[in-house]
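# Reading the structure
Residues per chain are reported as follows:
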Amino acid sequence: MEGVLLINKPAGMTSHDCVAKMRRIARTKKVGHTGTLDPDVTGVLPVCLGRATKIVEYLTAASKTYEAEVTLGFSTTTEDSSGEVVEKKKVDTVITKEDVLEALKSLTGEIDQVPPMYSAVKIGGKKLYEYARAGQTIERPSRKIAIHEMTLLSDIEIKEDTVSFRFKVQCSKGTYVRTLAVMIGGKLGFPAHMSHLIRTASGPFLIDQCHTFEDIEEMAEEGRLQDILIPISTALNHLPKLSINDTLAKKVKNGAVLEVPSGFEQYAAEDSIAVYDEQGTCLAIYKQHPEKPHFLKPSKVLVI
């Protein structure tokens, strides 16, 4: 039993809960998820089973796409609708579509973002939410994230003292969309929070490809769970692909260093390259050699 299972995560479960449930369903301890989703958030959660747990980091690093709703008028401790109200300010001015589009545009590209207190980011050996639950607020260093694209999805809706609208965002790993919602509110001059969120894509995987736990349990009972698992070689299709002959494949399985082939000089030192044999099996993940720029060094061998 190995491969990547695409789960449509339901609300009310943490990513860890989903992993624990899959361990019971698949009857294996080797299960890992590829990117944390908060309990209230639904959508695409790729989960790796068996030998596929070796590729978790390469799926986690892929860009994500979300559809979110931001509500202007009050902020919360958790930056989403589950937290306590921190600041209120009646939206008593007209927020136009042009205002919102300008705010989204100003936050597109590489930006600095401070992770929220209610997050799993570790500082001083403790997760930030542990400090938050103890009533502490600590200094958090900002970090660079990339907002590749943001699109307004809805009309601007007025509800008593608040204003809401939905947007779509494609972003890099490590982006907190609830913090982004707060930042959008700041650009428009009002406290804000994220009032809804669904992840619609994780790297190449789309929500339409995902399975509910009801479907997964039914497939497992029928002994057909392997049928809906995405093979490791397919799951890594988003990485640059290097195909090699069987003679070289034997050396790759033993962790051999490879010369950078023609056409692969364009990739940066941090880029991962998936190496496949003639049968289409992904054997290993390579990166540029740290000391020999004209060579590739294995960062993970998948087949021995």
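Use the structure listed above.
Residues numbered from 1 in each chain as written. Predicted model: local features only at pLDDT ≥ 70, side-chain atom pairs only at ≥ 80, totals over all residues. Heavy atoms only, no water.

## With respect to helix α1 (residues 15–26)
We count it as follows: Working definition: helices are DSSP H or I runs of at least four residues, strands are E runs of at least two. Numbering for both runs from the N terminus. One less than the number of residues in a helix, times 1.5 Å, gives the span that helix is expected to have. In this scheme, a residue with accessible area under 20% of its type's maximum is buried, one over 50% is exposed, and one in between is partly exposed, where area comes from a 1.4 Å probe on protein chains only. Relevant arc is that of directions from the helix axis to the C-beta atoms, nothing else. Any two residues having at least one pair of non-hydrogen atoms within 4.5 Å are treated as being in contact.
For α1, with 12 residues, the first-to-last C-alpha span of 16 Å sits near the 16 Å given by 1.5 Å per residue. Among the residues of α1, those classed as buried are S15, C18, V19, M22, I25 and A26. All buried residues of α1 lie within an arc of 125 degrees about the axis, which places them on one face of the element. Across from the buried face of α1, at angles greater than 90 degrees, the exposed residues are H16 and R24. Looking at the buried side of α1, the elements it contacts are β1 (3–9), β2 (31–33), β3 (42–49) and α6 (213–221).

## Let's talk about the sheet that holds strand β18 (residues 282–288)
Using the following cut-off: Any two strands between which DSSP finds at least two bridges are classified as paired. With axes taken as lines fitted to C-alpha atoms, and helix axes fitted only over the stretch in contact, angles between N-to-C directions fall between 0 and 180 degrees.
Strand order in the open sheet formed by five strands is β15-β17-β18-β19-β16, with mixed pairing between adjacent strands. Looking at the sheet topology across the chains shown, the edges are occupied by β15 (241–243) and β16 (258–259). In the packing of helix α8 (residues 246–253) onto the sheet, the strands contacted are β16, β17 (273–276), β18 and β19 (295–301), and the crossing angle to β18 comes to about 70 degrees.

## Quick notes on the nonpolar core
Formally: Only buried residues count toward a nonpolar core, which is a set of Ala, Val, Leu, Ile, Met, Phe, Trp, Tyr and Cys residues joined through side-chain atoms within 4.5 Å.
Of all hydrophobic cores here, the largest spans 49 residues; its most connected members are M22, L72, F167 and I184. Residues within four places of F167 in sequence aside, it is in contact with Y66, E67, A68, V70, L104, M150, T151, L152, L153, V177, L180 and I184. Grouped together as the second largest cluster of nonpolar side chains are 34 residues, A52, I55, V275 and A284 included.

## As for the state of the cysteines
The following threshold applies: In plain terms, two cysteine sulfur atoms within 2.5 Å form what is called a disulfide here.
All chains considered together, the criterion is met by zero disulfides. Residue C48 stays outside any disulfide, its sulfur separated by 13 Å from that of C282, the closest cysteine.

## So, the pattern of salt bridges
Put simply, the rule is: Whenever a carboxyl oxygen of Asp or Glu lies within 4 Å of a side-chain nitrogen of Lys or Arg, that contact is scored as a salt bridge.
Applying the stated rule across the entire model yields six salt bridges. K144 is the salt-bridge partner of D112, the closest N and O atoms lying 3.2 Å from each other. Separated by 32 residues along the polypeptide, D112 in strand β7 (residues 109–113) and K144 in strand β10 (residues 143–152) bring together distant segments of the chain.

## Notes on the side chain of T34
This is how it is decided: Throughout this description, a polar contact denotes any pair of N or O atoms lying within 3.5 Å of each other; where both atoms belong to protein, one of them has to be capable of donating a hydrogen while the other can accept it, and for residues adjacent in sequence the pair is counted only when both atoms sit in side chains.
Position of T34 among the secondary structure elements: in the loop between β2 and β3. With relative accessibility at 0%, the residue T34 sits in the buried group. In terms of polar contacts, T34 uses its side chain to reach the backbone carbonyl oxygen of P46, at 2.9 Å. In contact with T34, other than residues within four places in its own chain, are P46, C48, V56, L59, T60 and K64.

## Observations concerning the packing of α1 against α6
Which entries qualify depends on this criterion: An angle counts as roughly parallel when it lies under 35 degrees, as roughly antiparallel when it exceeds 145, as roughly perpendicular when it falls between 65 and 115, and as oblique in every other case. With the far helix as reference, a near helix turned anticlockwise by less than a right angle produces a left-handed crossing, and one turned clockwise produces a right-handed crossing. Amino acid classes used here: Ala, Val, Leu, Ile, Met, Phe, Trp, Tyr, Cys and Pro are nonpolar; Asp, Glu, Lys and Arg are charged; the rest, including Gly, are polar.
Two elements in contact, α1 and α6, have axes separated by 11 Å at closest approach and are oriented at 20 degrees. On the basis of their axis angle, the class for α1 and α6 is roughly parallel. You can see that α1 and α6 cross each other, and the crossing is right-handed. Where α1 approaches α6, its residues C18, K21, M22 and I25 are matched on the opposing element by F213, I216, E217 and A220. Here the contact of α1 with α6 is composed, by residue class, of six nonpolar, no polar and two charged.

## Observations concerning the layout of surface pockets
Once rolled over the atoms, a probe with the size of a water molecule shows which space is left empty. Note the cut-off: Only protein atoms enter the 1 Å grid, on which a cavity is a set of points fitting a 1.4 Å probe that cannot get out and a pocket is an open set with protein on both sides within 12 Å along at least 5 of 7 lines, lining residues being those with an atom within 4 Å of a point. Grid points are joined across faces, edges and corners, and a volume is the space filled by probe spheres set on the points.
Its volume calculated, the largest pocket comes out at about 1,000 Å³. Lining the largest pocket are 34 residues; nearest its centre among them are T36, L37, D38, Y176 and R178. Elements with a minimum of two residues in the lining of the largest pocket: α1, β4 (64–72), α4 (128–133), α5 (177–188) and β13 (192–202). Here the residues of the lining of the largest pocket are counted per class, giving 11 nonpolar, 13 polar and 10 charged. Reported here for the second largest pocket is a volume of approximately 220 Å³. Of the residues that constitute the lining of the second largest pocket, the class distribution is four nonpolar, two polar and four charged.

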